[in-house]
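What the coordinates show
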Amino acid sequence: MTLLQARDLSLRLGTTQALQDVSVDLSPGDVVSIMGPSGSGKSTLLHCLAGVLVPDSGSVLFESTDLTRSSDAERSRIRLQRMGFVFQFGDLIPELTMVENVMLPLQLLGTKRSEARDRARTMLDELEVGDVADGTVGVVSGGQAQRTAVARALVHEPAVIFADEPTGALDSAAGELVMDSLVTAAQSRGAAVVLVTHDARVASYAHRNVTMRDGRVRAADLTSMR
Ligand SMILES: Nc1ncnc2c1ncn2[C@@H]1O[C@H](COP(=O)(O)OP(=O)(O)O)[C@@H](O)[C@H]1O
Ligand SMILES: [Mg+2]
């Protein structure tokens, strides 16, 4: 069974061919890393897989929907219901507490506030940041903030989480804790993980790696893809 099947994605951004004929498959529960130098197209690929960007050509079949043929509204709905996101930093809302940040996706999906709060607290406990649930971004460590971002990405039980350099702003010990908890929590829910990273240690959490260079997948990785 395939969760996501991206075929021959090409996308020009300005004067740069950011993606050229990139294909990636993802099965439920897969953990795939995307590596490569800065500017090689990693974030662009992630955004195309998630339906944030629509490629000039190629297709992205996610579950039963071709994201390249869906409206903005349909792609937004799919992202909200079926996907979770973790970015490098700065994406928690600073005015809200950790638990309120984690409640947000559930509330956007119409979950009752009391139930959303219970599920968010359970998720924070699982990621071992329950003790800072009532703190704001200003009082928690960078690692605690990223584990909260992981909790927010997973709390609505998405089919896949996309993480773009999730440990890029952390020291290596905090980064390893974030990666451990991200992969463990995703796997225990059967969620697939797509992980963009510069860091070979972070990539070692993946089952499979795709290395990008100048908008293309490095030839050596093509044979290992299903
Ligand atoms: N909005 C944009 N307009 C023009 N060029 C862009 C834009 N976004 C990205 N690029 C270019 O596309 C290429 C790939 O970018 P990106 O996917 O962000 O790389 P990476 O994440 O691997 O560092 C780079 O050359 C970058 O400068
Ligand atoms: Mg990037």
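Residues numbered from 1 in each chain as written. Chains lettered and ligands numbered in written order. Predicted model: local features only at pLDDT ≥ 70, side-chain atom pairs only at ≥ 80, totals over all residues. Heavy atoms only, no water.

As annotated in an unreviewed UniProt entry, the protein carries the name Putative ABC transport system ATP-binding protein and comes from Calidifontibacter indicus.

Scanning the protein from N- to C-terminus turns up eight helices and ten strands. For 226 residues, the compact-globule formula gives about 17 Å, and the C-alpha radius of gyration of the protein, at 17 Å, lands near that figure. Across its three principal axes, the protein shows a C-alpha extent of roughly 45 × 35 × 35 Å. Residues counted as buried form 52% of the 226 residues belonging to the protein. Counting contacts in the protein only where the partners sit at least 6 residues apart, residues at least 24 apart contribute 70% of the total. Within the structure as shown, the protein displays about 10,000 Å² of accessible surface, and the carbon and sulfur contribution to it stands at 50%. (Helix = DSSP H or I, 4+ residues; strand = E, 2+ residues; numbered from the N terminus. Rg over C-alpha atoms; globule rule 2.2 N^0.38 Å. Buried < 20%, exposed > 50% of the residue type's maximum accessible area, 1.4 Å probe, protein only. Contact = heavy atoms within 4.5 Å. Areas by Shrake-Rupley, 256 points an atom, 1.4 Å probe, with all protein chains shown as cover.)

A separate point is the nonpolar core. Core analysis: the biggest nonpolar cluster contains 39 residues, and Met123, Leu124, Leu127, Val150, Leu154, Leu182 and Val193 have the highest contact counts within it. Here this core takes seven residues from helix α6 (residues 172-188), the largest share from any one element. Beyond its immediate stretch of four places on either side in the chain, Val150 contacts Val86, Leu127, Val178 and Leu182. (Core = buried A, V, L, I, M, F, W, Y, C linked by side-chain atoms within 4.5 Å.)

What follows deals with the site of ligand 1. Near ligand 1 the following residues occur: Leu13, Gly14, Thr16, Ala18, Pro37, Ser38, Gly39, Ser40, Gly41, Lys42, Ser43 and Thr44. A distance of 3.2 Å is found between an oxygen atom of ligand 1 and a backbone nitrogen or oxygen belonging to Ser40. Between Gly41 and ligand 1, the recorded distance is 3.1 Å, taken from a backbone N or O atom to an oxygen atom. Considered on its own, ligand 1 offers 560 Å² of accessible surface; in the complex 58% of this is hidden by protein. Counting residues per element, the ones that place at least two in the shell around ligand 1 are β2 (16-26) and α1 (42-49). With three residues, α1 is the single largest residue contributor to the shell around ligand 1. A class-by-class count of the residues in the shell around ligand 1 yields three nonpolar, eight polar and one charged. (Near = heavy atom within 4 Å. Polar contact = N/O pair within 3.5 Å; in protein donor to acceptor, adjacent residues only side chain to side chain. Nonpolar A, V, L, I, M, F, W, Y, C, P; charged D, E, K, R; others polar.)

Let us look at the environment of Gly143. Position of Gly143 among the secondary structure elements: in helix α5 (residues 142-154). Spatially, the C-alpha atoms of Gly143 and Glu95 are 19 Å apart, while their sequence positions differ by 48 residues. Beyond its immediate stretch of four places on either side in the chain, Gly143 contacts Leu170, Ala174 and Val178.

This model, assessed by the stated rule, comprises two aromatic pairs. The interplanar angle of 5° and the centroid separation of 6.1 Å between the aromatic rings of Phe85 and Phe87 together place this pair among those described as stacked. Overall, Phe85 belongs to the buried group, its relative accessible area being 19%. For Phe87, a relative accessible area of 30% gives the class partly exposed. (Phe/Tyr/Trp six-rings, centres within 6.5 Å; stacked < 30°, edge-to-face > 60°.)

A few words on the side chain of Asp66. Of note, Asp66 is situated in strand β5 (residues 65-66). For Asp66, a relative accessible area of 18% corresponds to the buried category. Separated by 3.3 Å, the side chain of Asp66 and the backbone nitrogen of Val60 make a polar contact. Filtering out sequence-adjacent residues up to four positions away, Asp66 remains in contact with Ser59, Val60 and Leu61.

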